[in-house]
Amino acid sequence: MTMQVQEKLVDWIDAHFDEQVAFLRQVIRIPTDTPPGNNAPHADAVATMVEAFGWSAEKHVVPAQAVRDYGMESITNLIVRRPYAAGGPTIALNAHGDVVPPGEGWVHPPYGGVVEDGFIYGRAAAVSKSDFSTYIFAVRALEALGVPLKGGLELHFTYDEEFGGLLGPGWLLEQKLTKPDFVIAAGFSYNIVTAHNACLQLEITVHGKSGHGAMPETGHDALQAATRILNAIYGQLPELKKIKSKVAGIDSPTMLVGRIDGGTNTNVVPGKVVMKMDRRMIPEEDPVAVEAQVRALIEDAVRGEPGIRVEIRRLLLSHALRPLPGSEELVASLQKNGKQVIGEEIAAQGTPLYADARLYGEHGIPAVLYGAGPRTVPESNAKKADERLALEDLRKATKVVALTLLDFLAVSD
């Protein structure tokens, strides 16, 4: 493709950048806290917003009972299909609209979409409502060129990444609503993610028996038993540190307990304690074997404790993302265009996080993560107070994605 066409593409993005930022502010301002996960209203609003561009968004409503069983309130996933001439690949661009609740400590309102000193602030400003904007405006820029295109584009806006993606991309794929040739999923501007960790999350319920605090021997202390489990889990960490991944950007497996609920009152022996734990697995580990090991670790910690019973319920088992044949084409194009736009080499590596992209990989579709964001997750305050995105990083990522789409879909002279 000629340099003149590429310049026209990036010039369109610059000329429409204020509009793009305004669009992102609208997307941020509609809450999608998950839990509780009442996310259909956001999807409905986005579907209406893209109609202004002359597009039609298919609304794929996940059945209410399936959503409730999953622990959420409503999910509508969107697919915007942009078919071009025959003979080219179909590329899907996927971003998720669900978010972790804002939490405390915000200086800027979490759903304000405030723009200040070159940053936009708000929950999901960086992960990943930003890429609703990145991908939509990259596609608009491509189509505004007026050059012949082949293949097609699909925008996938999904709403349960925080719960594992099974009713987001997983559901769209299982229902055979989509089967693209390549996927670019939400990521950050300064690196391309080609692999990520697997994740196991378990809910551990320790059942004991309540008793009066003045006569603790009349009960069976579930918290005391839970402490044994905690010690066993955290006692494993030195061993996990010894396991190393060969994938750049990924180090060792991790394990933690992220939430504990239990007891009824200060003067009552706790009869029940519920813990939620997270075990990240490097791509080389076998998730089935790891789950069996963790379950055995928990059960062994309280084996023989009188009056104590443990229930273990799997909340999530997400598989690792591994590079598939074809992903190197995406990486090469993104790196070439990143060098042109950003002026530096963009690394392609793994990440210890896990994401929806793995679900495309499980269906044999090559997927990489690339989008608007800083160099590292901590810089963005992702999932913390005052999450933010540098507007210049949004601009750069949109240009890189648009140029990459041009590489794949432009009809050769």
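Residues numbered from 1 in each chain as written. Predicted model: local features only at pLDDT ≥ 70, side-chain atom pairs only at ≥ 80, totals over all residues. Heavy atoms only, no water.

## Let's talk about the pattern of salt bridges
Then, in step 1: Counted according to the given criterion, the structure contains 24 salt bridges.
Then, in step 2: Here Asp-14 makes a salt bridge to Lys-399, at a shortest N to O gap of 2.9 Å. Of the two residues, Asp-14 is situated in helix 1 (residues 3-15) and Lys-399 in helix 13 (residues 391-409); the sequence distance between them amounts to 385 residues.
Then, in step 3: Since its relative accessible area comes to 31%, Asp-14 is described here as partly exposed.
Then, in step 4: Among the ionic pairs, Lys-336 bridges to Asp-407, the shortest N-O distance being 3.0 Å. Residue Lys-336 is located in helix 10 (residues 327-342), and its partner Asp-407 is located in helix 13; the two are separated by 71 residues in the primary sequence.
Then, in step 5: Asp-407 gets classed as partly exposed once you look at its relative accessible area, which sits at 32%.
Then, in step 6: Overlapping salt bridges bring together Asp-14, Glu-392, Arg-395 and Lys-399 as one network. (Salt bridge = Lys/Arg side-chain N within 4 Å of Asp/Glu carboxyl O. Helix = DSSP H or I, 4+ residues; strand = E, 2+ residues; numbered from the N terminus. Buried < 20%, exposed > 50% of the residue type's maximum accessible area, 1.4 Å probe, protein only.)

## Examining the nonpolar core
Then, in step 1: Among the nonpolar cores identified, the biggest contains 75 residues, and Leu-93, Ile-136, Leu-153, Leu-155, Tyr-370 and Leu-405 are the most heavily contacted of them.
Then, in step 2: Looking at this core, the element that brings in the most residues is helix 13, giving eleven residues.
Then, in step 3: Excluding its chain neighbours within four sequence positions, the residues that come into contact with Leu-153 are Val-80, Arg-81, Arg-82, Tyr-84, Ile-91, Leu-93, Val-139, Leu-142, Leu-405 and Leu-409. (Core = buried A, V, L, I, M, F, W, Y, C linked by side-chain atoms within 4.5 Å. Contact = heavy atoms within 4.5 Å.)

## Overview of helix 1
Then, in step 1: Taking 1.5 Å per residue, 13 residues should reach 18 Å; helix 1 reaches 18 Å between its end C-alpha atoms and fits that length.
Then, in step 2: Here helix 1 has its buried residues at Val-5, Gln-6, Leu-9, Val-10, Trp-12 and Ile-13. For helix 1, the angular spread of buried residues about the axis comes to 150°, placing them on one side. In helix 1, those exposed residues whose orientation departs by more than 90 degrees from the buried face are Met-3, Gln-4 and Ala-15.
Then, in step 3: Where helix 1 is buried, its residues contact helix 2 (17-29), helix 5 (130-144), helix 10 and helix 13. (Expected span 1.5 Å × (residues − 1). Arc of directions from axis to C-beta.)

## Description of the side chain of Asp-386
Then, in step 1: With respect to the element layout, Asp-386 can be found in the loop between helix 12 (377-380) and strand 17 (388-390).
Then, in step 2: In this structure Asp-386 is buried but unpaired, with Arg-388 as the nearest side chain of opposite charge at 8.7 Å.
Then, in step 3: Within the structure, Asp-386 has its side chain in polar contact with the backbone nitrogen of His-108 (distance 3.0 Å).
Then, in step 4: Those residues in contact with Asp-386 that lie beyond four places of it in its chain are Gly-105, Trp-106, Val-107, His-108, Tyr-121, Ser-380 and Asn-381. (Lys, Arg positive; Asp, Glu negative; His and termini not counted. Polar contact = N/O pair within 3.5 Å; in protein donor to acceptor, adjacent residues only side chain to side chain.)

## Thoughts on the side chain of Thr-178
Then, in step 1: Assignment of secondary structure puts Thr-178 in the loop between helix 6 (169-174) and strand 7 (182-185).
Then, in step 2: Polar contacts involving the side chain of Thr-178 include one to the side chain of Glu-154, which spans 2.6 Å.
Then, in step 3: Among the polar contacts made by the side chain of Thr-178, one reaches the side chain of His-156 at a distance of 3.3 Å.
Then, in step 4: Non-local contacts of Thr-178, meaning those with residues more than four positions away in its chain, are made with Ile-79, Glu-154, His-156, Leu-172 and Leu-173.

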